[in-house]
Each structure stands twice: as C-alpha cells, then as structure tokens.
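What the coordinates show
Take a look at the letters that make up each chain.
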Amino acid sequence: MFMDWIWGLLGGLMIGAAGALYLLGNGRIMGASGIIGRIVDAKGSQAFEAAAFVAAMIAVPAVIALIWLPGTETHLTSDWVIIAVAGLLVGLGTRIANGCTSGHGVCGMSRLSPRGIVATLVFMASGIASVALFRHVLEII
C-alpha cells in the first residue's frame, strides 16, 4: 500500500511539472485534447511541437514502466469494443467540456478557474457513475 501512494504522488508531480513547464515555455495551458487538436489543425512548427509533446506523453511513462515496473498488471479489459467505445466517449466528453482532464483538472483547478473546477467535478462524477454502473451493476468491465 505504501508504494501505491508514492507512485501516485510521483505521477502527480510529473504531470504538474509538465503543465507548469508547458505554460512557461509556450504561454498555453497543457490540455492533451487541445494539443492533439493542434496536430490535426496546425501546420509546420506548431504541428511538430504538438506531435513531439504527445510522443513524449506516451514514451516517458512507457520507458519508466519498463525500467521500474516490469510485469505490472493494469486490470484493463481485453474486450477491444469496450476500449474503443470508452475512447470515443472520452473524446466526445472533451469536445463537449471544451477541454480534458489535464486542461481542466490539472491546469484549470491549479489556476482556480471556475470552469475548470466545474468541469472536473462533472467528469469525476461521470467517471464514478460509469464505473459503478458498468462494473458493479452490469458487470461488463
């Protein structure tokens, strides 16, 4: 149990530091959905910068997991349909909320943004309700 909260703390510190560095370096809020949108919409250096950020967002945790946590279980379902539907719903939610967990939850709440706080409360409540329904009631996941 002790190491679980340590890993959570370290992960939170890394996300917070990445958000602060991104804001200091680019003058923009670090929201993953907005950054991914810039890959699609932007041209030239903006698209390259956004793609580099997304690649680092995927590569750094993967490298850390390979070095420090080989063989760690994720408890992710093996049903690809559920994974695809969940991903599409997350994408839809980020469009409706005008941002994602990193934009609203990490950066918005740290700036005491009312919109970020409300969005975070809504997506946390939705996530809790979804897990309660799909795991404990319907037993799909």
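Everything numeric here is computed off the predicted structure, so don't read it as measured data.

Take the environment of V85 next. Relative to the assigned elements, V85 resides in helix α4 (residues 80-96). Put simply, V85 and A50 are 35 residues apart on the chain and 25 Å apart in space, counted from C-alpha to C-alpha.

Glancing now at unusual backbone geometry. Positive phi, normally seen in glycine, also occurs at L112, with a value near 55°. Overall, the relative accessible area of 65% leaves L112 in the exposed class.

Viewed as axis vectors pointing N to C, helix α2 (residues 32-41) and helix α3 (residues 45-68) meet at an angle of 135°, and their least axial separation amounts to 8 Å. By the criterion of interaxial angle, the relationship of α2 to α3 is oblique. The element α2 and its partner α3 pack so that their crossing is left-handed. Across the interface between the two elements, A32, I35, I36, R38 and I39 of α2 pack against A47, A50, A51, F53, V54 and M57 of α3. By residue class, the composition of the contact of α2 with α3 is ten nonpolar, no polar and one charged.

Another aspect to go through is the nonpolar core. For soluble globular proteins, nonpolar side chains are generally found buried alongside one another. Y22, M30, I35, A50, F53, V54 and C107 together form the largest nonpolar core, which totals seven residues. Top contributing element to this core by residue count: α3, with three residues. Ignoring sequence-local partners within four residues, the contact set of I35 consists of Y22, M30, A50, F53 and V54.

Basis of the calculations
- Residues numbered from 1 in each chain as written.
- Predicted model: local features only at pLDDT ≥ 70, side-chain atom pairs only at ≥ 80, totals over all residues.
- Heavy atoms only, no water.
- Helix = DSSP H or I, 4+ residues; strand = E, 2+ residues; numbered from the N terminus.
- Buried < 20%, exposed > 50% of the residue type's maximum accessible area, 1.4 Å probe, protein only.
- Axes fitted to C-alpha atoms, helices over the stretch in contact; angles between N-to-C directions.
- Parallel < 35°, antiparallel > 145°, perpendicular 65-115°, else oblique.
- Left-handed = near helix turned anticlockwise from the far one by under 90°.
- Contact = heavy atoms within 4.5 Å.
- Nonpolar A, V, L, I, M, F, W, Y, C, P; charged D, E, K, R; others polar.
- Core = buried A, V, L, I, M, F, W, Y, C linked by side-chain atoms within 4.5 Å.

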